[in-house]
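# Coordinate inspection notes
Next come the chains, spelled out residue by residue.
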Amino acid sequence: MKFIVIGAGLLGLSSAYYLSAQGHRVTIVDRHAGAGLGTSFANAGMLTPSQAEPWNMPGILPKVIGWLGREDAPVLLRPAALGSMFFWGLRFLHHSGRERFHRNAMSNARLARFSLAALHELRQKEALDYGQICRGSLKIYRDREAFAEGVSLANLLAGSGVTPNILDPAGALRVEPALQDVVARLVGAIHFPDDESGNAHRYCSALAATMSRQGVEFCGNVEVNGFVLTGSKVSALQTGQGDMEADGFVLCAGSHAPALGAGIGLHLPIQPVKGYSITVPMSGSGVMPGMPVVDDARHVAMTPLDGLLRVAGTAEFAGFDLTLTAGRIENLKRVVGEVFPAFVPEPTMDVGAWAGLRPYTCDGVPIIGRAHLGNVYLNTGHGHLGWTLAAGSGKLLSQLVSGITPDIDPAPYSPLRF
Ligand SMILES: Cc1cc2nc3c(=O)[nH]c(=O)nc-3n(C[C@H](O)[C@H](O)[C@H](O)COP(=O)(O)OP(=O)(O)OC[C@H]3O[C@@H](n4cnc5c(N)ncnc54)[C@H](O)[C@@H]3O)c2cc1C
């Protein structure tokens, strides 16, 4: 069969790879000229089953209210976004109930473990190099209550194969010697030895190049405007370059999926959640971290990538606005100063500031599978876990498309669950 995949981000590329591996003819279309230039471009670079829990955890509402109007808050609601996210917001809160949250966290964790295993196979088979580091990740805590919460969450995820090593500050320093400047302020840390990291954009480029050699077609600079419906099926995409026909269509347009899906009656509960990153070299004397370090108190991740430090974080509800707000970039620099002072950039240095939109579903679980129209499939809504879940989501989708018994239960990710 011939498939067109809409979107050349982590999810579109993974979907295309596994569909092609099953013998389907695949074309990928994207409005950008190359692969991985949307939200997949400069993320925190972590593959973390250890962070599988959705962000709408029990108790989120009072926290968000407390953060209202604070530019340095980890989660920030901009008034302009409130109208468009009202109903999604109610459902987001509904899913923060303890039982739903646990169920959704376990669904993500299962997919994340499956995804890492799929990535290992794919990486070996195609000899992909994207600066991968397989030493785990470290979450550091400055507050006893938050540490206790972190430990209980890690123990919950341990039920689906995540291995947490609980550490005191001295133990954290042994695992990550680069923490020497912050260790005195820590109350503890959790090392997740099975997590990995690497450069997501390099991964996208390498996977796209591999697929191109295998016959997958890439059409860049193509804007998809809608679908052509013939009876109860989609027969073609309407694009800026004319209609493109295929037997099946896979929607992997990230935060833009709801707008495209609305044209064929799909109501996808996905909101864009803006995040920022900067990428800085070591400018003072110090030790290069060997693995991603997540500062729980600041909600910021710091990942060694290709000899630089990628610093990423913050969740801002601001619609589709990609403006680089100076205060948010300054927050990231401030956290670097607290944790890894050797990386504090000179005030005039270009820090590669970037913002991307995480496609966030109202339950915090991605949408993978067939839509109500027979030949339209979805692989989107992966929120803060798009890379962690990419390979597994692509593999699972290809199994559903081809009618192969899926390796994991697809029900929690079904588009029909809403
Ligand atoms: C600051 C930040 C840090 C993050 N850190 C991590 C992390 O450490 N680990 C992790 O697992 N995840 C992380 N994420 C999340 C992860 O980056 C995303 O979940 C992931 O990139 C989403 O991939 P995607 O393929 O769904 O979307 P995208 O990468 O946005 O791809 C969608 C593509 O569709 C194209 N498109 C959309 N509409 C159209 C149209 N109409 N016509 C043509 N093309 C179209 C876009 O151009 C785009 O290229 C982070 C995100 C942010 C913002």
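In short, a report on the structure. (Residues numbered from 1 in each chain as written. Predicted model: local features only at pLDDT ≥ 70, side-chain atom pairs only at ≥ 80, totals over all residues. Heavy atoms only, no water.)

### A look at the site of the ligand
Heads up, the rule is: Residues are labelled near a given molecule or strand when at least one of their non-hydrogen atoms is within 4 Å of it. Under this definition, polar contacts are N or O atom pairs within 3.5 Å; protein pairs additionally need one hydrogen-donor-capable and one acceptor-capable atom, and for neighbouring residues in sequence, both atoms have to be side-chain atoms. Accessible surface area values rest on a Shrake-Rupley calculation with a 1.4 Å probe, where residue burial reflects the displayed protein chains alone. Any residue that is not Ala, Val, Leu, Ile, Met, Phe, Trp, Tyr, Cys, Pro, Asp, Glu, Lys or Arg is counted as polar, Gly included; the first ten are nonpolar and the last four charged.
In the vicinity of the ligand lie 33 residues, with Asp30, Ser40, Met46, Gly383 and Thr388 positioned nearest. Interatomic distance of 2.9 Å between a backbone N/O atom of valine 224 and a nitrogen atom of the ligand. Between the ligand and tryptophan 387, the relevant distance is 2.9 Å, taken from an oxygen atom to a main-chain nitrogen or oxygen of the residue. Relative to its unbound accessible surface of 1,000 Å², the ligand loses 97% to contact with the protein. Residue classes in the shell around the ligand are distributed as 13 nonpolar, 16 polar and four charged.

### Focus: the sheet that holds strand β10 (residues 224-230)
Condition: At least two DSSP bridges between two strands are needed for those strands to be called paired. Segments assigned H or I by DSSP are reported as helices when at least four residues long, segments assigned E as strands when at least two residues long, and all are numbered from the N terminus. Every axis in this analysis is a line fitted to C-alpha atoms, fitted for helices over the stretch in contact. Angles between the N-to-C directions lie between 0 and 180 degrees.
Spatially, β10-β11-β12 is the arrangement adopted by the three strands of the open sheet, whose pairing is antiparallel. The open sheet is flanked by β10 and β12 (242-245), the only strands paired with a single partner. Averaged over all neighbouring strand pairs, the angle between strand axes comes to 35°, with direction disregarded. Alignment of β10 against strand β11 (residues 233-239), held across six bridges, turns out to be antiparallel. Paired with leucine 229 across the two strands is valine 234, which belongs to β11.

### Comments concerning the pattern of salt bridges
The test is simple: Salt bridge, as used here, is a side-chain nitrogen of Lys or Arg placed within 4 Å of a carboxyl oxygen of Asp or Glu. Only protein chains enter the accessibility calculation, which uses a 1.4 Å probe; a residue is then buried when its area is under 20% of its type maximum, exposed when over 50%, and partly exposed in between.
Counted according to the given criterion, the structure contains 14 salt bridges. Aspartate 295 serves as the salt-bridge partner of arginine 142, at 2.5 Å between the closest nitrogen and oxygen. Of the two residues, arginine 142 is situated in the loop between β5 (137-141) and α6 (144-158) and aspartate 295 in strand β15 (residues 293-295); the sequence distance between them amounts to 153 residues. Arginine 142 sits in the buried class, given a relative accessible area of 19%. One salt bridge in this structure joins glutamate 316 and arginine 328, with 3.3 Å as the shortest N-O distance.

### What to know about the side chain of serine 160
Our working rule: Note on contacts: a residue pair is in contact if any heavy atoms of the two residues lie within 4.5 Å.
Its place among the elements puts serine 160 in the loop between α6 and β6 (165-167). Among the residues examined, serine 160 registers a relative accessible area of 14% and is labelled buried. In this structure serine 160 touches Met106, Ala109, Arg110 and Arg113, once residues within four positions along its chain are discounted.

### Structural notes on the sheet that holds strand β2 (residues 25-29)
Spatially, β9-β2-β1-β13-β20-β19 is the arrangement adopted by the six strands of the open sheet, whose pairing is mixed. A single partner strand is all that each edge strand has here, and the edge strands are β9 (217-219) and β19 (367-370). Between one strand and the next, the sheet's axes are offset by a mean angle of 20°, whatever the strand orientation. As paired elements, β2 and β9 share three bridges and run parallel to each other. Bridge pairing links valine 29 to cysteine 219 in β9.

### Here's the deal with α6
Selection criterion: To estimate how far a helix should reach, multiply one less than its number of residues by 1.5 Å. To be clear, the arc concerns the directions from the helix axis to the C-beta atoms.
Between its first and last C-alpha atoms α6 spans 21 Å; for 15 residues at 1.5 Å apiece the expected length is 21 Å, and the two agree. Buried within α6 are the following residues: Ala146, Phe147, Gly150, Val151, Leu153, Ala154 and Leu157. Seen along its axis, α6 keeps its buried residues to an arc of 165°; they face one direction. Within α6, the exposed residues directed more than 90 degrees away from the buried face are Arg144 and Glu145. Tucked inside the fold, the buried residues of α6 contact α5 (98-126), β5, β6 and β7 (188-192). For α6, the capping residue at the N-terminal end is aspartate 143, with a side-chain oxygen 3.1 Å from the backbone nitrogen of glutamate 145.

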